[in-house]
Amino acid sequence: MKRMISILAAVLYGFTGLAQNKTALGLDIMPSISDGYLYICGDYGFCKKWSAAFSAEINLRQGVKDRHQEYDDHLAEFGEESNSITHSKESCILSVRYWVNDTYEGIYLGVGCRCSKDEKPDCNVDIGYSIPICRSIRLMLSYRIDLTESAKEGKPSGQGMRLGLRWIIKTTGK
């Protein structure tokens, strides 16, 4: 827990210190927490319509069998295959996003790369929508698919639908 807090503090300090326009920090709250994972997310708005994003996935249940794996094992007993989106293990995603209106407002399209210690890097695409909750808090609804894994498996693979909260930090600069 100390490690996670120190990482988040370092990221917060780094983003607020370097931000020239807008920065967003937050968590993806669904479905990751119900699966025993925590997503720490951040965005750096470096232009009016562009941002660089990262997210780090942390397994909160070290050594506990994944819920999706149990479901897949259950289906395999009956000779069926799961058609659910696969869930990565402790991965990191770096991406670039184009915002249609303005940074952190409305719809965005993103492209990036997912890396994990157990799997090869994978390209991904995502689409999302930022919904204002109050002055500096946004609800982020997004859908992400890993391209290489999806092509290999012949079905959508990746994180699928996500829901998160972001704190938007506006700094003086530009």
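Being a predicted model, the structure only gives us computed values, none of them experimental.

**Comments concerning unusual backbone geometry**
A negative phi angle characterises most non-glycine residues, just as the trans form characterises most peptide bonds. Not every positive phi belongs to a glycine, and Y104 is a case in point at roughly 65°. Mapped onto the elements of the fold, Y104 is located in the loop between β4 (91-99) and β5 (106-116). The exposure class of Y104 is buried, given its relative accessible area of 2%.

**With respect to empty space enclosed by the protein**
Scanning all chains against the criterion turns up 1 cavity of 30 Å³ or more. Taken as a whole, the largest cavity spans an internal volume of roughly 110 Å³. In terms of lining, the largest cavity is formed by 16 residues, of which the most central are D28, C41, R97, R144 and R166. Mapped onto the lining of the largest cavity, the elements with two or more residues apiece are β2 (37-45), β3 (50-59), β4, β7 (137-146) and β8 (160-170). Considering only residue class, the lining of the largest cavity consists of 6 nonpolar, 5 polar and 5 charged.

**Side note on the side chain of R97**
On the secondary structure map, R97 appears in strand β4. Within the structure, R97 has its side chain in polar contact with the side chain of D43 (distance 2.8 Å). Apart from the residues lying within four places of it in its own chain, the contact partners of R97 are D43, K49, W50, S51, A53, Y108, L109, G110, D126, M140 and R144.

**Notes on the nonpolar core**
In terms of nonpolar packing, the biggest core is built from 6 residues, these being A24, W99, Y104, Y108, M140 and I168. Among all residues touching I168, those that are not within four sequence positions of it are K22, T23, A24, Y104, S136 and R138.

Here is what the cut-offs are and how they apply
One numbering rule holds for all chains: residues counted from 1, following each sequence as written. The predicted nature of this model means local features are confined to residues of pLDDT at least 70 and side-chain atom pairs, given and counted, to a pLDDT of 80 or more, with totals for whole chains, interfaces and linings taken over all residues. As a rule here, side-chain values come from all non-hydrogen atoms in the structure, and water together with hydrogens is ignored. Elements are defined by DSSP. Helices are runs of H or I of four residues or more, strands are runs of E of two residues or more, and each kind is numbered from the N terminus. Exposed residues in this analysis have more than 50% of their type's maximum accessible area, buried residues have under 20%, and partly exposed residues fall in between, with area computed by a 1.4 Å probe over protein chains only. The pocket and cavity definitions rest on a 1 Å grid over protein atoms only: a 1.4 Å probe that fits but cannot leave marks a cavity, an open set with protein on both sides within 12 Å along at least five of seven lines marks a pocket, and residues lining either have an atom within 4 Å of a point. Grid points are joined across faces, edges and corners, and a volume is the space filled by probe spheres set on the points. Residues are grouped as follows: Ala, Val, Leu, Ile, Met, Phe, Trp, Tyr, Cys and Pro are nonpolar; Asp, Glu, Lys and Arg are charged; all remaining types, including Gly, are polar. Here a polar contact is taken to be a pair of N or O atoms separated by no more than 3.5 Å, where protein atoms must pair a possible hydrogen donor with a possible acceptor and residues adjacent in sequence count only if both atoms sit in side chains. Contact criterion: two residues are considered in contact whenever any of their non-hydrogen atoms come within 4.5 Å of each other. Nonpolar cores are built from buried Ala, Val, Leu, Ile, Met, Phe, Trp, Tyr and Cys residues. Side-chain atoms within 4.5 Å join them into one set.

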